[in-house]
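Structure at a glance
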Amino acid sequence: MIVFSPYPSPTSSVLHSSSNIFHTHIALSSILNPIGDGSLIFKRRTRAYRFLVLFSAHSNPKIVKSNRRSRYALPGNGFQDEFAEVSDIDAKRKRSKLQGRFGGSSRKQPQKSQSRVLSSFPVDKELGGRIGKQTLDKNIAGSYHHTSNRKESVSSVDVRKEKLNMRKIFKNKYPRLFEEIDLDEKWLPLIDYLSTYGLKESHFIQMYERHMPSLQINICSAQERLEYLISVGVKQRDVKRILMRQPQILEYTVENNLKSHVAFLTSLGIPNSRIGQIIAAAPSLFSYSVENSLKPTVRYLVEEVGIKEKDLGKVVQLSPQILVQRIDISWNTRYIFLSKEIGASRDSMVKMVTKHPQLLHYSIDDGLLPRINFLRSIGMRNADILKVITSLTQVLSLSLEDNLKPKYLYLINELSNEVHSLTKYPMYLSLSLDQRIRPRHKFLVSLKKAPKGPFPLSSLVPTDENFCERWAGTSLDKYLAFRQRLLLKKFANKYEKKY
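Please read these numbers as outputs of a predicted model, since none were measured by experiment.

**Brief notes about the side chain of Thr297**
For Thr297, the location among the structural elements is in helix 13 (residues 290-305). Residue contacts for Thr297: discarding those within four places in its chain leaves Ile322, Leu323 and Ile327.

**Here's the deal with the pattern of salt bridges**
As enumerated under the stated definition, the model contains 13 salt bridges in all. Across the pair Arg176 and Glu180 runs a salt bridge, and its minimum N-O distance is 3.0 Å. Of this pair, Arg176 and Glu180 both sit in helix 6 (residues 175-180), separated by four residues, roughly a single helical turn. Residue classification places Glu180 among the partly exposed residues on the basis of a relative accessible area of 49%. A salt bridge links Asp384 to Arg381; its shortest N-O distance comes to 3.6 Å. For Arg381, a relative accessible area of 59% translates into the label exposed.

**Overview of the packing of aromatic side chains**
Inspection of every chain in the model, using the stated rule, returns seven aromatic pairs. Ring geometry for Trp331 versus Tyr335: centroids 5.4 Å apart, planes at 5°, classification stacked. Of this pair, Trp331 and Tyr335 both sit in helix 15 (residues 327-341), separated by four residues, roughly a single helical turn. Among the aromatic residues, those joined into a cluster by ring pairs are Phe443, Phe467, Tyr479 and Phe482. Cation over ring: Arg346 sits above Tyr335, and NZ or CZ is 5.9 Å from the ring centre.

**Some remarks on the nonpolar core**
Counting 107 residues, the largest nonpolar core has Leu194 and Tyr428 as the members making the most contacts within it. Among the elements that take part in this core, helix 13 stands out by supplying six residues, more than any other. Summarising the domain contributions, this core has at least three residues from each of domain 1 (343-430) and domain 2 (431-498). What Tyr428 contacts, discounting residues up to four positions off in sequence, is Lys407, Tyr410, Leu411, Leu415, Leu422, Ile437, Leu457 and Leu460.

**Observations regarding unusual backbone geometry**
The backbone of Ser416 shows a phi angle near 55°, a positive value even though the residue is not glycine. One can find Ser416 in the loop between helix 19 (400-413) and helix 20 (421-424). Not every positive phi belongs to a glycine, and Lys448 is a case in point at roughly 60°. Among the structural elements, Lys448 can be located in the loop between helix 21 (433-446) and helix 22 (464-472). Owing to a relative accessible area of 77%, Lys448 belongs among the exposed residues under this scheme.

**Some remarks on the confidence of the model for the protein**
With 68% of its residues at a pLDDT of at least 70, the protein reaches an overall mean of 77. Ignoring residues within four places in sequence, the model shows residues 1-147, a span with pLDDT below 50, making 114 contacts including any to other chains.

**Describing the environment of Leu411**
Tracing the chain through its elements places Leu411 in helix 19. The class of Leu411 is buried, set by a relative accessible area of 0%. In sequence terms Leu411 and Pro454 are 43 residues apart; their C-alpha atoms lie 9.2 Å from each other. Discounting residues that sit within four places of it in the chain, Leu411 has contacts with Ser416, Asn417, Glu418, Ser421, Leu422, Tyr428 and Leu457.

Calculation rules
- Every chain's residues receive numbers from 1 upward, in the order its sequence appears when written.
- Since the coordinates come from a predicted model, pLDDT governs what is reported: local features require at least 70, and pairs of side-chain atoms require 80 or more to be given and counted, while whole-chain, interface and lining totals use all residues.
- Neither water nor hydrogens contribute to the side-chain values; these are computed over all heavy atoms in the structure.
- Secondary structure follows DSSP: runs of H or I at least 4 residues long count as helices, runs of E at least 2 residues long count as strands, and numbering of each begins at the N terminus.
- The contact definition used throughout considers only heavy atoms, calling two residues in contact when any of these lie within 4.5 Å.
- For this document, the term salt bridge refers to a Lys or Arg side-chain nitrogen within 4 Å of an Asp or Glu carboxyl oxygen.
- Under the scheme applied here, a residue whose accessible area is under 20% of the maximum for its type counts as buried, over 50% as exposed, and between as partly exposed, the area being computed with a 1.4 Å probe on protein chains only.
- In this analysis, rings of Phe, Tyr and Trp, with Trp reduced to its six-membered ring, are considered paired at centre separations within 6.5 Å, and the interplanar angle assigns stacked below 30 degrees, edge-to-face beyond 60, and tilted for intermediate values.
- Either the NZ atom of lysine or the CZ atom of arginine qualifies as a charge over a ring when it sits within 6 Å of the ring centre and within 35 degrees of the ring normal.
- Think of a nonpolar core as a cluster: buried Ala, Val, Leu, Ile, Met, Phe, Trp, Tyr and Cys residues, connected wherever their side-chain atoms sit within 4.5 Å.
- Each domain span listed reflects an automatic or database assignment of domains.
- Per-residue confidence from the predictor is given as pLDDT, running between 0 and 100.

Spelled out as structure tokens, the structure:
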């Protein structure tokens, strides 16, 4: 039977893609000759139509969409056979499901009717082959999909088990971290590595609170950066202190950050042996840009403050923090204060900063002013105070109650000296009362070599060897034994008073 369809066939149909045999723009007058045998004659139209020609062995075939299933039709079959038995079709459907369930090929053999149809036209065999290949590919893909799902399911179970094991290890090893902080198990290798530098659970909590992303760093990256710092002179015992103050240092790359900052310090004339100490004292310098922050600070020290370039390395070694502070504000406020308070000149200020750059960190209200007032209270004039501070600027950092006042009282009551002697020997205020001043005074008194009148402060300046040779005239061991007994006696008296 021949079926003509005057409607344009959908371009998405499978049959359309196989060949132009089924879709041909023809004129009916060219197909049927105008003879009187009962054939139909159609006039040629101006618009060409596409006709779908199908041959079927059945008397009543139905054309259905390829993606549509009838009640009893099998998947992938574009034809519905009305003569098929229901029981036969159900049996075939069950076999198809079983084959699909156990990974077998779900490709079906064409029915006899289909075979006859396909064999009646040469191109149908090619088309059927393509349809069968597509069906096979889909079934193979489906089978692989189910297999991969099973593999993914097994692997996901393994991942969950591994996470549970890691969490258990984490909880047993770091119970405090597990309770106080929502830590990821992925951080465990890094925490184990940092523990080798002496960090405890409390330290990790501080790091978490200060800068949580530092604990998310890959262990290999962290190891590379810390090992580089150690290679340039940072002591292993200082790593913990560095991480507590600047945990962000774990994020700084070696090539783009650490090396450039170390090279900058070297350019200031700082010897390699001191690089590690500077990093440990001011690890935050790595968070400042070399070009936009550190170098402008150095230029200000030279051009505005007046520090000589040859002294820059010394200044930075004495106070590495000077590189990471607002030097312009620190300098101007303290220079204005000291010039008004005690008449300090610019040259005096430059000398102070060169000898003791920590001056720029001291608070004016809580640091500078109380100590200046103390020196005034013991009878020193502004000129004397300026002389003492210029020669011994660190006097502004000494404790009033534990250092300056006890030394002043010992100077007056025990050494029989006057206040003006401090202008000649300001170093007296920087010496230890228990380790230097009192032992040497008592040792000379015990040897009856202490001069009458004011005790010579010059005897307190030289080293122990020079003191024993020049002033005591005895061996160093004898003096050290005397000092040890004196310290033990003082400790015993202090202990008795306490209890």
